Every structure is written in structure tokens, then in C-alpha cells.
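Chain by chain, the residues:
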Amino acid sequence: LECGGSGAKMTATNNRGYAFYRCQHNASPDCAARATVAAERDEAEVVDTLKAERELAKLEGHASADLGEQLHDAVRRAERELDDAIEAFGGVGRASAKRRIAELTAALEDAEREAEHHDRTDKTRAMLRRMDDWERLSLDGRRGIVRACVERVVVAPVGGVSLSKSKWDSSRVDVQLFEKR
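Because the structure is predicted, anything quoted here is derived from the model rather than measured. (Residues numbered from 1 in each chain as written. Predicted model: local features only at pLDDT ≥ 70, side-chain atom pairs only at ≥ 80, totals over all residues. Heavy atoms only, no water.)

> Mind showing me how you'd approach the packing of aromatic side chains here?
To describe a pair of aromatic rings, one takes the distance between the centres and the angle between the planes. If you walk through the whole model with that rule in mind, you get zero aromatic pairs. The ring of phenylalanine 20 has arginine 22 lying over it, and the distance from NZ or CZ to the ring centre is 5.4 Å. (Phe/Tyr/Trp six-rings, centres within 6.5 Å; stacked < 30°, edge-to-face > 60°. Lys NZ or Arg CZ within 6 Å of the ring centre and 35° of its normal.)

> How should I be thinking about unusual backbone geometry in this particular structure?
When glycine is set aside, most residues are seen to have a negative phi, and most peptide bonds are trans. Here arginine 16, not a glycine, exhibits a phi torsion of approximately 55 degrees, which is positive. By the element assignment, arginine 16 lies in the loop between strand S2 (10-15) and strand S3 (18-23). Taking relative accessible area as the criterion, arginine 16 reaches 79% and is therefore assigned exposed. (Helix = DSSP H or I, 4+ residues; strand = E, 2+ residues; numbered from the N terminus. Buried < 20%, exposed > 50% of the residue type's maximum accessible area, 1.4 Å probe, protein only.)

> I keep staring at the sheet that holds strand S1 (residues 2-3) and nothing clicks. Help me out?
Backbone hydrogen bonds hold the strands of a sheet together, and the pairing may be parallel or antiparallel. Ordered by their spatial adjacency, three strands build an open sheet running S1-S5-S6, and the pairing between neighbours is mixed. The open sheet has two edge strands, S1 and strand S6 (173-177), and neither has a second partner. Bridge count between S1 and strand S5 (residues 150-155): two bridges; the pairing is parallel. Counterpart to glutamate 2 in the pairing with S5 is valine 154. This element, helix H4 (residues 139-149), spans S5 and S6 of the sheet and lies at about 85 degrees to S5. (Pairing = 2+ DSSP bridges. Contact = heavy atoms within 4.5 Å. Axes fitted to C-alpha atoms, helices over the stretch in contact; angles between N-to-C directions.)

> When you look at the confidence of the model for the protein chain in this model, what are you seeing that I'm missing?
In low-pLDDT regions, the fine details of the predicted coordinates are not to be read closely. Confidence in the prediction of the protein chain, expressed as mean pLDDT, is 77, and 75% of residues score 70 or more. Element-level mean pLDDT values for the protein chain span from 74 in helix H2 (residues 62-88) up to 90 in S6. (pLDDT = per-residue confidence, 0-100.)

> Just checking my understanding: could you explain the pattern of salt bridges for this structure?
Side chains that differ in sign of charge can pair as their charged atoms come close. Tallied over the entire structure, the rule returns seven salt bridges. In this structure, lysine 9 and glutamate 2 form a salt bridge, with 3.5 Å as the shortest nitrogen-oxygen distance. With its nearest N and O atoms 2.9 Å apart, the salt bridge here joins glutamate 2 to arginine 152. On the criterion of sequence distance, the pair formed by glutamate 2 in strand S1 and arginine 152 in strand S5 is long-range, its members being 150 residues apart. A relative accessible area of 13% places glutamate 2 in the buried class. (Salt bridge = Lys/Arg side-chain N within 4 Å of Asp/Glu carboxyl O.)

Put into C-alpha cells, the structure is as follows:
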């Protein structure tokens, strides 16, 4: 969790039996008000976001797997083209051979980057599939899903009003998933 005012990390605290997350950043001109949010509400926002993302993943279904296979096929094609070019350039001028090999190497690196990004987001999708069993998961299982899927959560300060006098506004909590990079 990060404070939306200062960017500082938030820490868990307890006040009269209620769990909160608070910005622990020392007074700073960059932070108008240190963010504080009830842990129960913040955690509910994270779970709701993950469940909504899970529903979206269900709709995407097999398209993701098909895309992954296409991306890995592109890597294999790029590797073959590079290998064929290296073999074929035996009798060609050095400058043109080097230029073509550099182009093919760049194409291979781009294809590998795309496939790697897809694999990383596909792992996130695999963790999201476990959301169907959320209520039956252990605390460690739930934490594992959150760690695998949530890059960070930014909590905006209430803005001059004490937390006890403010109404809950879920738009203060911005859950950012790894997949949304």
C-alpha cells in the first residue's frame, strides 16, 4: 500500500480494535494529508478488483492461450530466420550480412520479449483462476494470489476531514494489477 499524497509506504495499525493502514511518512510539503484507510474496506476493494478481473479472464478464456502459442511460434520463426540467414551469408559482403543479422536479431529479441510478457501475465491469470475458491483458501493462499496479481495499491488521502467524519469513497483506493502495465 502507498499513500496517494506522499508515495510513502503505509503500515498496518490498530486503534480500539479496528485495523487501519496509515501513511507513516513524516510531515512533508509533498503530502497534503497522510492517507489512512480502514483495513477491512481496503482489503475488500482489492478482493473486489481481483474478482472483477477474474470475470474478465473468464470471458477472455482460450484467447489468451491461443495468443501465447502464436507468440511462441513467432519466436521459433524468428530463430529459424536468423539461423538461416547466418548460414546463407557465407558468400555475401560483410556489411550487408551484418546489417541483416542485426535486423533479424532485433526481431528475435522483440518476439522473445512479447512472449515473456505474455507468460508473466498468463501466470497472473492462472493465479486469478484460483479466485473461484477464495472463500475456501487459507490466509496464505489468499496472500499468494494478492502478491502474484497486485503490483500496488494507492490510497488517496481524505483531504482535511478526519477519517471518522468522512464517508467511505471506494475511488480513493486504486488497485493496480501487474497485468495492467
